[in-house]
Amino acid sequence: MSVSLPDSARIVIVGGGAIGTAIAYNLLKQGAKDVVLLEKTKLTEGATWHAAGLVGQLRSQQNLMALMRDSVAVFDQLLADTGQDPSWRKVGSLRLAGSADRWAEMRKAHGGAGVLRLESSLLTPAEAKALFPLIDERNLVGAAFIPSDGYIDPNSLTQAFAKGIRQRGGRIFEGVQVTGLTRKGRRITHVETDQGRIEVETVVNAAGLWARQLGWMAGVDLPAGIVEHQYFVTEKTSEIPPDLPALRDPDGDYYLKPEPGAFAIGGWERGTKPVNPSRGFPMDHARHLFDANLDRLEQFLEPAMQRLPILERLGIRTIINGPIPISPDGEPVMGPVPGLDNFFAAIAFTAGIAASGGAGVAMANWILHGDPGRDLWTFDIRRFGPLHAAPSFLHDRAVESYSRYYKVHYPGGEMDSARGVRRSPLYGVLGRQGAQFGSKFGWERANWFGPALPGNFERKGEAETTGAEHRAAREAVVLFDQTSFSKFEISGADACTFLQYLAVANLDKPVGGGTYTQLCNARGGIEADVTFIRRAKDRFWMITGSGNGVRDAGWVRAQMLDYRAQGADLHLQEITSAYGVINVAGPLARSVLAKVCDSDLGNAAFPFMTAQDIRISHAPATAYRITYIGELGWELYIPMEYMAYAYDTLMKAGAEHGIRNAGYRAIDSLRLEKRYLAWGADITPDYTPLEAGLGFVIDWEKGDFLGRDALDAMRKAGVTRRLACLALDAPLPVYGGEVVRVNGKAIAQTTSGGYGYSVEKSLVLAYLPTDLPNDALIEVDSFGQRSPATCVTGSAYDPKRLKILA
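These notes cover the structure that comes with them. As the structure is a computational prediction, the values presented were derived from the model and not from experiment.

A few points about the overall build of the protein
Phase 1: For the protein, the helix and strand inventory stands at 18 helices and 39 strands.
Phase 2: For a compact globule of 806 residues, the expected C-alpha radius of gyration is about 28 Å, and the protein comes in at 27 Å, within 12% of that figure.
Phase 3: In terms of its C-alpha atoms, the protein occupies a principal-axis envelope of roughly 85 × 65 × 55 Å.
Phase 4: Here the protein, with 806 residues, has 61% of them falling under the buried criterion.
Phase 5: When contacts within the protein are restricted to residue pairs at least 6 apart in sequence, long-range pairs at least 24 apart make up 73% of them.
Phase 6: Summing over all exposed atoms, the protein offers an accessible surface of approximately 29900 Å²; the carbon and sulfur share of this is 49%.

Here's the deal with the packing of aromatic side chains
Phase 1: Scanning the model with the defined rule gives 23 aromatic pairs in all.
Phase 2: The interplanar angle of 35° and the centroid separation of 6.2 Å between the aromatic rings of phenylalanine 132 and phenylalanine 263 together place this pair among those described as tilted. Here the residue phenylalanine 132 occupies a position in the loop between helix H4 (125-131) and strand E7 (142-146), and phenylalanine 263 occupies one in strand E16 (residues 262-267), the gap between them amounting to 131 residues.
Phase 3: On the basis of relative accessibility, which here comes to 0%, the residue phenylalanine 132 falls in the buried class.

Focus on the state of the cysteines
Phase 1: The final tally for this structure, using the stated rule, is zero disulfides.
Phase 2: Cysteine cysteine 496 shares no disulfide, and the gap to the nearest cysteine sulfur, in cysteine 520, comes to 18 Å.

Thoughts on the side chain of threonine 193
Phase 1: Its location among the elements puts threonine 193 in strand E11 (residues 187-193).
Phase 2: At a separation of 2.9 Å, a polar atom in the side chain of threonine 193 contacts the main-chain amide nitrogen of glutamine 195.
Phase 3: At 2.6 Å, the side chain of threonine 193 and the backbone oxygen of glycine 196 are in polar contact.
Phase 4: Not counting residues up to four positions away in its chain, the partners in contact with threonine 193 are Leu5, Leu38, Val176, Gln177, Val178 and Thr179.

Points about the pattern of salt bridges
Phase 1: Taken as a whole and judged by the stated rule, the model has 43 salt bridges.
Phase 2: Residue arginine 197 is joined to glutamate 192 by a salt bridge in which the shortest nitrogen-to-oxygen separation is 2.8 Å.
Phase 3: On the basis of relative accessible area, arginine 197 is assigned to the partly exposed category, the value being 43%.
Phase 4: Each member of the salt-bridge network shares a partner with another, and the members are Arg474, Glu631, Glu673 and Lys803.

Some words on the nonpolar core
Phase 1: Core analysis: the largest hydrophobic core is formed by 47 residues, its most contacted members being Ile13, Ile23 and Met334.
Phase 2: Within the residue set of this core, elements represented by two or more residues are strand E1 (8-14), helix H1 (18-29), strand E2 (35-39), helix H2 (62-82), helix H5 (154-167), strand E19 (343-347) and helix H8 (352-369).
Phase 3: Sorting elements by how many residues they give to this core places H8 first, with nine residues.
Phase 4: Beyond its immediate sequence surroundings of up to four residues, methionine 334 is in contact with Ala345, Phe349, Ala359, Ala362, Met363, Trp366, Leu376, Phe379, Asp380 and Ile381.

Here's the deal with unusual backbone geometry
Phase 1: A positive phi angle is found at arginine 117, which is not glycine, with a value near 60°.
Phase 2: Positionally, arginine 117 belongs in the loop between helix H3 (100-115) and strand E6 (121-123).
Phase 3: If you check the backbone angles, arginine 459 has positive phi at about 60° while not being a glycine.
Phase 4: Here arginine 459 is to be found in the loop between strand E21 (443-449) and helix H12 (466-475).

As for the pairing of strand E39 (residues 785-792)
Phase 1: Bridge count between strand E33 (residues 721-728) and E39: four bridges; the pairing is antiparallel. Paired with alanine 727 across the bridge in E39 is threonine 790.
Phase 2: Between strand E38 (residues 778-782) and E39, which follow one another and run antiparallel, lie two residues, and phenylalanine 783 among them has a positive phi close to 50°.

Some thoughts on the sheet that holds strand E29 (residues 611-616)
Phase 1: With mixed pairing, the six strands of this open sheet are ordered in space as E29-E30-E31-E28-E22-E32. Edge strands, defined here as strands with exactly one partner in the open sheet, are E29 and strand E32 (660-661).
Phase 2: Relative to the sheet, helix H15 (residues 589-596) contacts strand E28 (579-585), E29, strand E30 (619-625) and strand E31 (633-639), its axis offset from that of E31 by approximately 35°.
Phase 3: Sheet contacts for helix H16 (residues 643-654): strand E22 (478-481), E28, E29, E30, E31 and E32; angle to E28, the most-contacted strand, approximately 10°.

Considering the packing of H12 against helix H17 (residues 664-673)
Phase 1: Look at H12 against H17: their axes get within 8 Å of each other, and the N-to-C directions meet at 55°. Judged by the inter-axis angle, H12 sits oblique to H17. The handedness of the crossing between H12 and H17 comes out as right-handed. Here Thr466, Glu469, His470, Ala473 and Arg474 of H12 lie close against H17, whose contacting residues are Arg665, Ala666, Ser669, Leu670 and Glu673.

A look at the pairing of strand E14 (residues 246-249)
Phase 1: Here E14 shows a buried face lined by Ala246 and Arg248 and a second buried face lined by Leu247 and Asp249.
Phase 2: Judged from the three bridges that link them, strand E5 (residues 93-97) and E14 form a sheet pairing that is parallel. By the bridge assignment for E14, leucine 94 is matched with leucine 247.

Parameters at a glance
- Residues numbered from 1 in each chain as written.
- Predicted model: local features only at pLDDT ≥ 70, side-chain atom pairs only at ≥ 80, totals over all residues.
- Heavy atoms only, no water.
- Helix = DSSP H or I, 4+ residues; strand = E, 2+ residues; numbered from the N terminus.
- Rg over C-alpha atoms; globule rule 2.2 N^0.38 Å.
- Buried < 20%, exposed > 50% of the residue type's maximum accessible area, 1.4 Å probe, protein only.
- Contact = heavy atoms within 4.5 Å.
- Areas by Shrake-Rupley, 256 points an atom, 1.4 Å probe, with all protein chains shown as cover.
- Phe/Tyr/Trp six-rings, centres within 6.5 Å; stacked < 30°, edge-to-face > 60°.
- Disulfide = S-S within 2.5 Å.
- Polar contact = N/O pair within 3.5 Å; in protein donor to acceptor, adjacent residues only side chain to side chain.
- Salt bridge = Lys/Arg side-chain N within 4 Å of Asp/Glu carboxyl O.
- Core = buried A, V, L, I, M, F, W, Y, C linked by side-chain atoms within 4.5 Å.
- Pairing = 2+ DSSP bridges.
- Axes fitted to C-alpha atoms, helices over the stretch in contact; angles between N-to-C directions.
- Parallel < 35°, antiparallel > 145°, perpendicular 65-115°, else oblique.
- Left-handed = near helix turned anticlockwise from the far one by under 90°.

Written out as structure tokens, the structure reads:
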């Protein structure tokens, strides 16, 4: 049956599942006009129709918890707003802890819920059984109850969104298949369908199982895989009470949704199968299910039977084995697609029904206002690069992420799949010297040197590994392999003028000058935290974190557009793979480098925050005197083919000084002592340099720069929150995400945390109100323990920067 499509639309959303309809609904609620939703078959088909529909808000990550809380707020008002019942059953949920580590993780999440004002209760095993009488509470450590959780019918939810769309003037077209996207430069101009074409301003990919194919139509690869997911529905019995909450038993890898007289039970088992990794999901498989896999089902059926003895008396009525989308890290993929200015993604939602309401709000904000309304870096598509969308990498990681969905998430945990993909020239030699590698953006990076350490919350074994490396950096000299830095060259006759507007600091320095700066948006929020080296009058290097390259380069390119439109001479080229990086650091760094370098390395000849081209014996290098650990040191940018030679040369030269290798865990400990910040944790677009204590970076005399007006207004009005470093009285294990209490009230969560081996204190960073009374009692919660804490003035270590400038 043919339909009459409009010739044009402001916003076209592709995909009529819970996510796509939620986005359209929220766009229209926010006042958007001319919104069109296209669905190739019928609403809910794909992954929505066979979803279980559980809604759980208690998560280990605050961002996801907040997104789920936003969803519940949407579900709560959907009936009143649309007149359509979404079948939202707010029965609460019970989350069980069957081990000490699970209980510790749960207690931390419970604390985070308190900061978000999400009601939750920690229960004893007996209290958990009182809420869910059918469980066997033996070997339980505890449980959490979230009264505002529940479950929702996916079809009813989608239809309620659809009714709200139509009521506000949106148009939904079912039975319309998108066949192509016409692209001109960085924009999609038309959506091509089997019913005609639509000229468009913005396109939203909410195509679920077919998200990758829609990306291919736009000329981009998207990190959205598909795996099989199973759940079963039991036979009915009168033994099941009618008012049970939903149940999650992550130590058993299963969840339970109560149905009238029955249970629907699903799991996150090992060994699920990826679906069509290379070809994409068949377009005609709108309601496709796979044959049941009883071996995989048994992995969560057995622990469910142990916890719920009633299952031994109930048969299985139905087994659903359906396709679900999933990303390489198991989290949703949202935001503007790199390389295109009007193409947004809201894909790879493993818990799409539960997240739909919040995702719809965030995506509407992003599309209409250029910002999702909260920090969503954990879900931002720009956390991935082309590697993550490659079929083998994508699905290897997707399968592993699926199996880890309910596992205890230990700090610093690493994936096992798709390893060894990007390697520094030093990978082999560091491995032979005991490096324990982690993976960042595909790069293998040394986390520490020494024995492998099991996942734990107590930092067991770290004093002998990370602690020893930390002390060596403070007392002698260490080498860090930081080849994985993302590196870019910005060049052209207008490069300096452009960067002066883009950055808050002054980059117009002599050749060789180095600059640490933030790149802010118009609101003053920190979009990037980077360093620059001026390599020539018309050429700069920009260095950023291993996982930030796609996002930071994308931000720079986007700002270049207006300049280029006016004829500016500007170019951006990635040079990450051209140069390795060895960081030689510590009080004896100058002594080591001087043995293999003829250049004058003294303070007068080689000041802090400058760069020079030198030779490490026979190897050319650009030496940049800078630090992220608070010690004398140089980052050595070395052509890849010279890396192994330069490393050997430096190690031989440093032998008499006790030189040793060090890894990224030591960097994190060292930088916390200096109050050096990490983008994505301590600073994001939600925070400004003034709030983060980085006002000293801003050059107010250089003229206009992006974000100046907003920052100047904040400077005059004064900030209401400021990033503080807190030193705990007790050496509790802290990692970031801990609750900060003032006079007993939870007011914030820490952004980073770790142990300072030089100051012998647990340290955290957190944004605190500026009007706290001087006598306020500040405390930090850590896995159910609490310690008083003191605000540190400046940095905990070397606040006068004497060692950096030595």
